[in-house]
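Below are the chains, spelled out letter by letter.
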Amino acid sequence: MSHKSAKDFFRPLAVGAPAPLREIPARPSRAIHFFDPSNEKMAAKIPDMVGTVDVLLGNLEDAVKADNKVAAREGLVRIAQATDFGPTQLWTRINSLDSPWVLDDLTTLVPAIGEKLDVIMVPKVQEPADIHYVDRILAQLEAKAGITKPILIHAILETARGVANVEEICGASPRMQGLSLGPADLAADRKMKTTRVGGGHPGYLVREDAPRGEDGLPDLDAKRAIFQQDLWHYTIAKMVDACATHGIYPYYGPFGDIKDTVACEDQFRNAFLLGCVGTWSLHPVQIKIANRVFSPSVEDIAHARRVVAAMGDGTGAVMIDGKMEDDASLKQCLVLVELAEKLAEIDPDLKATYDAIETPEA
Ligand SMILES: CC(=O)SCCNC(=O)CCNC(=O)[C@H](O)C(C)(C)COP(=O)(O)OP(=O)(O)OC[C@H]1O[C@@H](n2cnc3c(N)ncnc32)[C@H](O)[C@@H]1OP(=O)(O)O
Ligand SMILES: O=CC(=O)O
Ligand SMILES: [Mg+2]
């Protein structure tokens, strides 16, 4: 039980730190593209990726070798200082709070590039106290460095305890921007018997009933349909509800089977349909998939605009193509229309596509 009053949440946690935000801006973030700033070949590509992806994230945690942790941190500072990110957001993923690197990550990055950093992703968050720790230290570092806008916090949901505490984590600070599912660490922490980074598993399935023989017993040799199930449905749905409750944004996380672009698209689309606003991209090939999946389709926008036009003042019920539409379906349509408008502001190709859709008269 928190002893803070509601208004305390909107006071800076250090004298001289910027005032906390009251609303988290809905900035497009279809793909959060990970790069290792200590990998020179990868890092060299980052300036040219500005404008092609909504978020560039300099990763300092898992996937960066222990020997390269300092080089990654310093590489990120160099890239951030030398690059004009224009409309593209710059995020980082710091090392975990129990690691030997995280304090230096924060005390180096905030003074050096704090004005350019939009969001800090915190891995392996277990409970609100983890967010409180980062919240206070960020306020102190922002105050000392004279940073003018608060750096936001994004937590990865990748421990069983984190999932159990998800609501409290979302509400732990006005800096909370969103959550990502971390299926790889979460699987390990839960002791799931998988060996993958995200995605499904052919063994997690439901099988059609067996036909019965004359003896009334199941015919085990009969061919039966099987339906692979989604390992992540429960956690994503729980994360989406927690984020929506707190006015912050949910994301799918990594899809490690880089070459299976079809299954990657399916996983991303499931997350989009359930309410996620974006996903991670681990390889350039995943950026295009994410941008396509997390942008409403032409068909959806055409239909949504028809519903908006037909619903007039937004009350009552109408029939369109044999289906009943009312206030509730109108609200769903407005989610898509408003998302399309936001995306059109930063993506000229998408704007042209949406502008070309014939819009019915109101
Ligand atoms: C569970 C988790 O925590 S997930 C998050 C942590 N993991 C990550 O961040 C992984 C990030 N991605 C990567 O490290 C790499 O993409 C790997 C290791 C998966 C594959 O790398 P490669 O074997 O080099 O892939 P591939 O040969 O297809 O790369 C093609 C080109 O894209 C570049 N590239 C690959 N990944 C990236 C990236 N994330 N960002 C920018 N460029 C990239 C490569 O440098 C290569 O460049 P080149 O054509 O000039 O040689
Ligand atoms: O960090 C991500 C994960 O899946 O673990
Ligand atoms: Mg992880």
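Everything that follows concerns the structure shown earlier in this document.
What counts and what doesn't
Residues numbered from 1 in each chain as written. Chains lettered and ligands numbered in written order. Predicted model: local features only at pLDDT ≥ 70, side-chain atom pairs only at ≥ 80, totals over all residues. Heavy atoms only, no water. Donors = N, O, S within 2.8 Å, 3.2 Å for Na, K, Ca; no water. Helix = DSSP H or I, 4+ residues; strand = E, 2+ residues; numbered from the N terminus. Buried < 20%, exposed > 50% of the residue type's maximum accessible area, 1.4 Å probe, protein only. Axes fitted to C-alpha atoms, helices over the stretch in contact; angles between N-to-C directions. Parallel < 35°, antiparallel > 145°, perpendicular 65-115°, else oblique. Left-handed = near helix turned anticlockwise from the far one by under 90°. Contact = heavy atoms within 4.5 Å. Nonpolar A, V, L, I, M, F, W, Y, C, P; charged D, E, K, R; others polar. Near = heavy atom within 4 Å. Polar contact = N/O pair within 3.5 Å; in protein donor to acceptor, adjacent residues only side chain to side chain. Areas by Shrake-Rupley, 256 points an atom, 1.4 Å probe, with all protein chains shown as cover.

A word on the coordination of the magnesium ion (ligand 3). Ideal geometry at a metal centre gives angles of 109.5 degrees when four donors are arranged tetrahedrally and 90 or 180 degrees when six donors are arranged octahedrally. Binding of the magnesium ion (ligand 3) to the protein goes through Glu158 (OE) and Asp185 (OD), at separations of 2.1 Å. Within this pair, whereas glutamate 158 is found in the loop between β5 (152-157) and α5 (160-164), its partner aspartate 185 is found in helix α7 (residues 183-190), the two being separated by 27 residues in sequence. Its relative accessible area of 24% is what places aspartate 185 among the partly exposed residues.

This paragraph deals with the packing of helix α11 (residues 298-310) against helix α12 (residues 327-346). At a closest axis distance of 9 Å, the pairing of α11 and α12 adopts a crossing angle of 125 degrees. Taken together, the axis directions place α11 and α12 in an arrangement best described as oblique. Crossing handedness for the pair α11 and α12: left-handed. Contacts from Asp300, Ile301, His303, Ala304, Arg305, Val307 and Val308 of α11 reach α12 at Leu330, Cys333, Leu334, Leu336, Val337 and Ala340. Across the contact of α11 with α12, the residue classes break down as ten nonpolar, one polar and two charged.

A few words now on the site of ligand 2. Inspection of the region around ligand 2 gives Arg93, Glu158, Gly182, Pro183, Ala184, Asp185, Pro254 and Trp280 as its neighbouring residues. Between ligand 2 and proline 183, the relevant distance is 3.1 Å, taken from an oxygen atom to a main-chain nitrogen or oxygen of the residue. Here ligand 2 has 190 Å² of accessible area as a free molecule, and 94% of this is covered by the chains. For the shell around ligand 2, the leading source of residues is α7, giving three residues. Across the shell around ligand 2, the residue classes break down as four nonpolar, one polar and three charged.

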